[in-house]
Amino acid sequence: MDPLEDVLALLGATSRISTSLAAGGSWAIEFGPPAGVKFNSVRRGRCHLRIEGRDAPYDLEPGDCFLLTRPRPFTLFSDPAAVPAAAGPIFRAAVDGVARAGDGDDVFMIGGAFSFGDRARTLLLDDLPPVVHVPAAAEEAAGVRWAIGQIDTELRHRRLGSTLVAEHLALVMLIQVLRVHLMRDAPHTSGWLAGTSDPVVSVALRRIHLRPAHPWTVEELARAAGVSRSTMAARFGSTVGMGPLEYLTDWRIELAADRLRRGDGTVATIAREVGYGSESAFSVAFKRVIGISPGAYRRKPKPPPVAVSG
């Protein structure tokens, strides 16, 4: 099994295409903290991105794409001296799916957002930097460029089912962006996401995801990767930030939490199917990882859907 596919499926990743932006002259637009993960791509022109917590802005060229993975305010602008206008009124006044700012349309951007389940920050987002910027000129960004080009085509031609197609393409783009990030910045990535690009750790991750209920040992995972037990333990710990068996426990608990959210089976059945010999052992592990008992977790109200705009 592919750990990235597993995590995105477990989180129920969905995408939504938002209103496009055309802008020209001197302009600046101020956005509040985005819900979920925000993305934009510059299809024409040049502008800049400033995000709270970072002094220097990002320079955005034609074809560039970026993900915002933290709920931080940000500003898109052409002119550092321009007084920022609030994004809300600008995007509410959009016509035919395009919001306008400044004077003209030197810059054109498309964008949207990804929504995830309530464990997204722990499972995925905390392993990513606040901004993932993919320059169009990057050689490894061909897949990103293709996906964004197809989204742009769907939005411009508005053929039958174009919104749904564009939203599915956005998920393709997300995976391509994550691939680029791992190729470029693997040394600065932590957690299981970093492990997927390590030739030793990735073997262990795939084995765990393929058979999460199996009583894995570090020795068994090491043999699969063709290394010693000590090498596997050290490599996994330094890359992922925890030992292989601790990761196995966390992944089992995430699978169980998903089953509980969906009301799928009794606690005893779920415990057995994710690899626990008793309900009590499962409950202890679940509370240690999640913070509450399986029964209390199942009774928690589901969070409302994440709304995205702009």
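See above for the structure.
Here is a short report on the structure shown in this document.

Notes on the packing of helix H10 (residues 244-261) against helix H12 (residues 279-290)
- Running from N to C, H10 and H12 cross one another at 95 degrees; their axes reach a closest spacing of 10 Å. The orientation of H10 with respect to H12, classified from their angle, is roughly perpendicular. Here Thr249, Asp250, Ile253, Ala256, Ala257 and Leu260 of H10 lie close against H12, whose contacting residues are Phe282, Ala285, Phe286, Arg288, Val289 and Ile290.
- In terms of residue class, the contact of H10 with H12 is made up of nine nonpolar, one polar and two charged.

Looking at the sheet that holds strand E8 (residues 74-77)
- Taken in spatial order, the five strands line up as E6-E5-E8-E3-E9 in an open sheet, and their pairing is mixed. The open sheet has two free edges, formed respectively by strand E6 (58-60) and strand E9 (85-86), since each of these has just one partner strand.
- Bridge count between strand E5 (residues 47-51) and E8: four bridges; the pairing is antiparallel. Bridging from a neighbouring strand, Arg50 pairs with Thr75 of E8.

A short note on unusual backbone geometry
- Of note, the phi angle at Asp96 is positive, near 55 degrees, even though the residue is not glycine.
- Residue position: Asp96 is located in the loop between helix H2 (87-92) and strand E10 (98-102).
- For Asp96, a relative accessible area of 76% gives the class exposed.
- The residue Arg158 is not glycine, and still its phi comes out positive at about 50 degrees.
- Considering the arrangement of structural elements, one finds Arg158 in the loop between helix H4 (142-157) and helix H5 (162-185).

Quick notes on the side chain of Glu167
- For Glu167, the position within the fold is in helix H5.
- Residues contacting Glu167, with those up to four places away along its chain left out, are Ser15, Arg16 and Ile17.

Focus: the pairing of strand E2 (residues 20-24)
- Of all five residues making up E2, five are buried, and the element is well covered by its neighbours.
- Burial along E2 is two-sided: Ser20, Ala22 and Gly24 and Leu21 and Ala23, pointing in opposite directions, are all buried.
- Sheet topology places E2 next to E10; five bridges connect them, and they run parallel. When the sheet's bridge partners are listed, Ala23 is paired in E10 with Ala101.
- Sheet analysis places E2 next to strand E11 (residues 107-115), joined by three bridges and oriented antiparallel. Within the sheet, the bridge partner assigned to Ala22 lies in E11 and is Phe108.

Points about the nonpolar core
- With 57 residues, the main nonpolar core has Leu67, Phe114, Phe116, Leu124 and Met173 as its most contacted residues.
- Considering every element that reaches this core, the biggest residue donor is H5, with nine residues.
- Beyond its immediate stretch of four places on either side in the chain, Phe114 contacts Thr14, Ser15, Gly36, Val37, Phe39, Leu67, Ala170, Leu171, Met173 and Leu174.
- If you look at the next biggest cluster of nonpolar residues, it comprises 23 residues, including Trp27, Ile29, Ile51 and Leu68.

Let's talk about the pattern of salt bridges
- On inspection of all chains with the given rule, the structure shows 13 salt bridges.
- Here Arg44 ties to Asp105 by a salt bridge, and the two come within 3.9 Å at their closest N and O atoms. Taken together, the residues Arg44 in strand E4 (residues 37-44) and Asp105 in the loop between E10 and E11 connect sequence positions 61 residues apart.
- Overall, the relative accessible area of 38% leaves Arg44 in the partly exposed class.
- For Asp105, a relative accessible area of 39% corresponds to the partly exposed category.
- In this structure, the salt-bridge partner of Arg46 is Glu61, at a minimum N-O distance of 2.5 Å. A residue pair is termed long-range when its members are at least 10 positions apart, and Arg46 in the loop between E4 and E5 and Glu61 in the loop between E6 and strand E7 (65-68) qualify at 15 residues.
- Given a relative accessible area of 32%, Glu61 falls into the partly exposed group.
- Linked through salt bridges whose partners overlap, the residues forming this network are Asp258, Arg259, Arg261, Arg262, Asp264 and Glu273.

What about the packing of aromatic side chains?
- Applying the stated rule across the entire model yields seven aromatic pairs.
- Here the aromatic residues Tyr276, Phe282, Phe286 and Tyr297 are joined through ring pairs into a cluster of three or more.
- Looking at Arg54, its charged tip hangs above the ring of Tyr58, at a distance of 3.9 Å from the centre.
- Lying across the ring of Tyr276, Arg252 places its NZ or CZ 5.6 Å from the centre.

Points about the packing of helix H7 (residues 201-210) against helix H8 (residues 218-225)
- Between H7 and H8, whose axes approach to 9 Å, the crossing angle comes to 120 degrees. Here H7 is positioned oblique relative to H8, judged by the angle of their axes. As for the relative orientation of H7 and H8, their crossing is right-handed in sense. Residues Val203, Ala204, Arg207 and Ile208 of H7 lie in contact with H8, whose contacting residues are Leu221, Ala224 and Ala225.

The rules behind the values
Residues numbered from 1 in each chain as written. Predicted model: local features only at pLDDT ≥ 70, side-chain atom pairs only at ≥ 80, totals over all residues. Heavy atoms only, no water. Axes fitted to C-alpha atoms, helices over the stretch in contact; angles between N-to-C directions. Helix = DSSP H or I, 4+ residues; strand = E, 2+ residues; numbered from the N terminus. Parallel < 35°, antiparallel > 145°, perpendicular 65-115°, else oblique. Contact = heavy atoms within 4.5 Å. Nonpolar A, V, L, I, M, F, W, Y, C, P; charged D, E, K, R; others polar. Pairing = 2+ DSSP bridges. Buried < 20%, exposed > 50% of the residue type's maximum accessible area, 1.4 Å probe, protein only. Core = buried A, V, L, I, M, F, W, Y, C linked by side-chain atoms within 4.5 Å. Salt bridge = Lys/Arg side-chain N within 4 Å of Asp/Glu carboxyl O. Phe/Tyr/Trp six-rings, centres within 6.5 Å; stacked < 30°, edge-to-face > 60°. Lys NZ or Arg CZ within 6 Å of the ring centre and 35° of its normal. Left-handed = near helix turned anticlockwise from the far one by under 90°.

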